[in-house]
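Here is what each chain is made of, one letter per residue.
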Amino acid sequence: MKLILLGPPGAGKGTQAQRISTAYGIPQLSTGDMLRAAVAQGTKVGKKAKPLMDAGKLVPDDIVVGAIADRIEAPDCKPGFILDGFPRNVAQAKALDEMLKKKKTALDVVIEIRVDEAELFNRIETRIKQAGEAGVRADDNPETLKKRIEVYREQTAPLIPYYQKTGKLKVVDGMQPVEAVWGQIQAILKGVERG
Ligand code: AMP
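Here is what the cut-offs are and how they apply
Residues numbered from 1 in each chain as written. Predicted model: local features only at pLDDT ≥ 70, side-chain atom pairs only at ≥ 80, totals over all residues. Heavy atoms only, no water. Pairing = 2+ DSSP bridges. Helix = DSSP H or I, 4+ residues; strand = E, 2+ residues; numbered from the N terminus. Axes fitted to C-alpha atoms, helices over the stretch in contact; angles between N-to-C directions. Contact = heavy atoms within 4.5 Å. Near = heavy atom within 4 Å. Polar contact = N/O pair within 3.5 Å; in protein donor to acceptor, adjacent residues only side chain to side chain. Areas by Shrake-Rupley, 256 points an atom, 1.4 Å probe, with all protein chains shown as cover. Buried < 20%, exposed > 50% of the residue type's maximum accessible area, 1.4 Å probe, protein only. Phe/Tyr/Trp six-rings, centres within 6.5 Å; stacked < 30°, edge-to-face > 60°.

A look at the sheet that holds strand 3 (residues 81-84)
Here five strands make up an open sheet; going across it, the order is 2-3-1-4-5 and the pairing parallel. Edge positions in the open sheet fall to strand 2 (28-30) and strand 5 (169-173), since each of these has one partner strand only. Neighbouring strand axes in the sheet, compared pairwise and without regard to direction, differ in orientation by 25° on average. Packing of helix 2 (residues 31-41) onto the sheet brings it into contact with strand 2 and strand 3, and relative to strand 2 it is tilted by some 60°.

Concerning the site of the ligand
Taken together, 16 residues surround the ligand, and among them Thr 31, Lys 57, Gly 85, Gln 92 and Arg 148 come closest. Between the ligand and Thr 31, the relevant distance is 2.8 Å, taken from a nitrogen atom to a side-chain nitrogen or oxygen of the residue. Relative to its unbound accessible surface of 480 Å², the ligand loses 95% to contact with the protein. With four residues, the single largest contributor to the shell around the ligand is helix 2.

Observations concerning helix 4 (residues 61-71)
Where helix 4 is concerned, the buried positions are Ile 63, Val 64, Val 65 and Ile 68. Residues of helix 4 that are buried in the fold lie against strand 2, helix 2, helix 3 (44-54), strand 3 and helix 5 (90-102).

Some details on the packing of aromatic side chains
Per the stated rule, a full pass over the model turns up one aromatic pair. Ring centres 5.0 Å apart and planes at 90° place the aromatic pair Tyr 162 and Tyr 163 in the edge-to-face group. Accessibility assignment for this pair places Tyr 162 and Tyr 163 in one class, buried.

Regarding the pairing of strand 3
Residue alternation in strand 3 divides its side chains into two sets, Phe 81 and Leu 83 and Ile 82 and Asp 84, and both sets are buried. As judged from the four bridges shared by strand 1 (residues 2-6) and strand 3, these two strands associate in the parallel manner. Following the sheet pairing, Lys 2 is matched in strand 3 by Phe 81. Strand direction decides the pairing type here: strand 2 and strand 3, joined by three bridges, are parallel. Residue pairing across strands places Ser 30 opposite Asp 84, the latter belonging to strand 3.

Section: the pairing of strand 4 (residues 109-114)
Side chains on a regular strand alternate between the two faces of the sheet. Counted residue by residue, strand 4 has five buried out of six residues, so it is predominantly covered. When strand 1 meets strand 4, the two strands line up parallel, connected through four bridges. In the strand pairing of strand 4, Leu 6 is matched with Glu 112. With five bridges joining them, strand 4 and strand 5 adopt parallel strand pairing. Bridging from a neighbouring strand, Val 110 pairs with Leu 169 of strand 5.

Here it is in structure tokens:
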């Protein structure tokens, strides 16, 4: 099972990706997590990415495309993978298409978790309160979130018609509680498995 979870920051992609990962035994590939690890390790990529991440902007395509290209070659990706936070624009989606074509494979499904913008601001404020000072992500603040939502609207949302055209896009209502979203996702994945 090879799939993409698409949706704005705070839509619950990470939470649902973890559930899919456990249920299907496939890894969650989060470019955001990979970049945060690079920042924590102080690598060259990390140094380049940090100011962009802190500002809520996208890091250059070559960095994330290269990271995903390497990662999907790992043995644990053989049965499939969940892309969380990648692709973030049409150029990355095209690069992914090429990558998969070379491997003579393709995506099974793209799941969009749809949430309205006002709800995203409520969620991020809750996340900041719950995390407390120490645990808070540098980009989890209302200003950066505003920028990240803007970037989503302008650069990532065009992936919705892009994948709609392939017939692989499925939409779930991300305004529902986590369990209900999970129920919808399971139904979609069962449908995909049945073919
Ligand atoms: P995330 O954890 O997916 O919300 O990502 C956190 C930040 O990492 C984003 O705001 C971007 O700065 C950067 N990032 C993550 N994934 C990508 C991507 N596919 N392309 C460009 N930048 C990314």
